[in-house]
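Coordinate analysis (summary)
Okay, here's what each chain looks like letter by letter:
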Amino acid sequence: MDAATLTYDTLRFGEFEDFPETSEPVWILGKQYNALTEKDDILSDVTSRLWFTYRKNFPPIGGTGPTSDTGWGCMLRCGQMILGEALVCRHLGRDWRWAKGHKQREEYISILNAFIDKKDSYYSIHQIAQMGVGEGKPIGQWYGPNTVAQVLKKLAVFDTWSRLVVHVAMDNTVVIEEIKRLCMPWLDVAGACGGSEGMGELNGCLEGACALAEEETALWKPLVLLIPLRLGLTDINEAYIETLKLHQQCGSEHKSLLPGEELIYLDPHTTQPAVEPCEDGQVPDETYHCQHPPCRMHICELDPSIAAGFFCRTEDEFDDWCMRIRRLSCNKWGLPMFELVDSQPSHMVSVDALNLTPDFSDSDRLERFFDSEDEEFEILSL
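The name an unreviewed UniProt entry gives the protein chain is Cysteine protease, with Amphiprion ocellaris as the organism. Entered under Function (unreviewed entry) in the UniProt record, the comment concerning the protein chain runs "Cysteine protease that plays a key role in autophagy by mediating both proteolytic activation and delipidation of ATG8 family proteins."

Here it is as structure tokens:
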């Protein structure tokens, strides 16, 4: 890992290739661009994404642990980028743009503060690393995407401002019924109240098991869906390439689609100094945005072990996503990457069926469910 690490001091804008001029469409986080006429818009879109990289000189993790995550924190930073993008879409919208030197909205500052490298930030490297101990990963050890996904799932519970549902779909299977139960918890309460009488009946049922906080009655909790996948043995199976490209067009990031066979991406393997918020609460944020032309790679260079990520802000967005995925599954030019089903198949064992405690302390049993691979992964947000 160290051999592949760039330091912030070694990066120069001149070392990055300019964005190619092509008449073919370019897809960034599900948005289509024309590289000939919208090049500035493409670069603005990429620059506006939160870019989390290795950092150095932050407070010791756990009080006595590492003060830098260089060489081991790349997957943790990828997880931060995927969740950061979800929070931006949640609070600012997909069309929000960052501009250097401009005063930023309060929501943006709150999002950025959630990732600052200190122990009391919701999604800091400190929180992720320490929560990972419960998953059997010592602080300073490299993570696979399953571990990162499960840790983010647990940390999101404490973020009452964003109120996200982070769901990790295992066994290459997305169960619609399970997701709707998580994103619309009032459905279970309505059932417990005997209720098909609607929300009016629900709101009048306030005792015992039917008590529900006001914010829990929201019709839909925004969804971050993470799907660990394996698309080959040592190299990506070419049968998945066309499907992967089509998925890029109906979703989001940290690999996005260039014309032909290329992907663009935000690389976490750059070590930058840790950032301290100002006394007025503002955050010096220039190093959290990639201001040079983005990195590019051939799609065949993608590691076959990945985790795909999707964000659905509303139930309508999720229903639309399901419709698109079902259409893709009928594509004769490629293999489906995962299965979408209405209800849980009989052969699947849910986490609830394992009778695991909420803190997932039984790391030995979780290992075969959540982190079956120890090699390097990529996390994709589609």
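**Observations concerning the pairing of strand S3 (residues 31-34)**
Alignment of strand S2 (residues 25-28) against S3, held across 4 bridges, turns out to be antiparallel. Each bridged residue has a counterpart across the sheet, and for Pro25 the counterpart in S3 is Asn34. Where S2 hands over to S3, the hairpin turn is made up of 2 residues, of which Leu29 adopts a positive phi near 50°.

**A closer look at the side chain of Arg77**
Topologically, Arg77 is positioned in helix H2 (residues 74-91). In this structure Arg77 comes out as buried when scored by relative accessible area, which is 1%. A polar atom in the side chain of Arg77 sits 2.9 Å from the side chain of Asp69. Discounting chain neighbours no more than four positions away, the residues touching Arg77 are Phe52, Thr53, Tyr54, Arg55, Phe58, Asp69, Asp117, Ile125 and Pro268.

**Concerning the confidence of the model for the protein chain**
Per-residue pLDDT for the protein chain averages 79, and the proportion of residues at 70 or more is 74%. Per-element mean pLDDT across the protein chain ranges from 30 in strand S1 (residues 6-7) up to 97 in strand S4 (residues 55-56). Taken together, the stretch residues 1-15 has pLDDT below 50 and engages in 29 contacts with residues farther than four places along the chain or on a different chain. Low pLDDT (under 50) marks residues 196-214, which in the prediction has 16 contacts with non-local residues, meaning those over four places away or in another chain.

**Here we look at the environment of Leu244**
With respect to the helices and strands, the residue Leu244 is situated in helix H9 (residues 241-249). The sequence separation of Leu244 and Leu328 amounts to 84 residues, and the corresponding C-alpha distance is 10.0 Å.

**Some details on the nonpolar core**
With 61 residues, the main nonpolar core has Ile28, Leu83, Tyr108, Phe115, Tyr123 and Val224 as its most contacted residues. Elements with a contribution of two residues or more to this core: S2, helix H1 (39-48), H2, helix H3 (106-113), helix H4 (125-133), helix H5 (145-156), strand S5 (165-168) and strand S7 (223-230). A per-element tally of this core places H2 first, with 11 residues. When residues no more than four places from it in sequence are discounted, the contact partners of Tyr123 are Gln80, Leu83, Leu87, Ala114, Phe115, Ile128, Leu152, Leu155, Ala156 and Asp159. In this structure, Ile179, Trp186, Trp220 and Phe310 belong to the second largest nonpolar core, which totals 34 residues.

**A closer look at the packing of aromatic side chains**
Within the structure shown, the criterion is met by 10 aromatic pairs. Judged by centre distance (6.1 Å) and plane angle (10°), the rings of Trp321 and Phe338 are stacked. Residue Trp321 is located in helix H10 (residues 315-329), and its partner Phe338 is located in the loop between H10 and strand S13 (339-341); the two are separated by 17 residues in the primary sequence. The same class applies to Trp321 as to Phe338, namely buried. Taken together, the ring pairs connect Phe52, Phe115, Tyr122, Tyr123 and Tyr288 into an aromatic cluster.

Parameters at a glance
Residues numbered from 1 in each chain as written. Predicted model: local features only at pLDDT ≥ 70, side-chain atom pairs only at ≥ 80, totals over all residues. Heavy atoms only, no water. UniProt positions renumbered as here; feature names shortened; annotations may be inferred. Pairing = 2+ DSSP bridges. Helix = DSSP H or I, 4+ residues; strand = E, 2+ residues; numbered from the N terminus. Buried < 20%, exposed > 50% of the residue type's maximum accessible area, 1.4 Å probe, protein only. Polar contact = N/O pair within 3.5 Å; in protein donor to acceptor, adjacent residues only side chain to side chain. Contact = heavy atoms within 4.5 Å. pLDDT = per-residue confidence, 0-100. Core = buried A, V, L, I, M, F, W, Y, C linked by side-chain atoms within 4.5 Å. Phe/Tyr/Trp six-rings, centres within 6.5 Å; stacked < 30°, edge-to-face > 60°.

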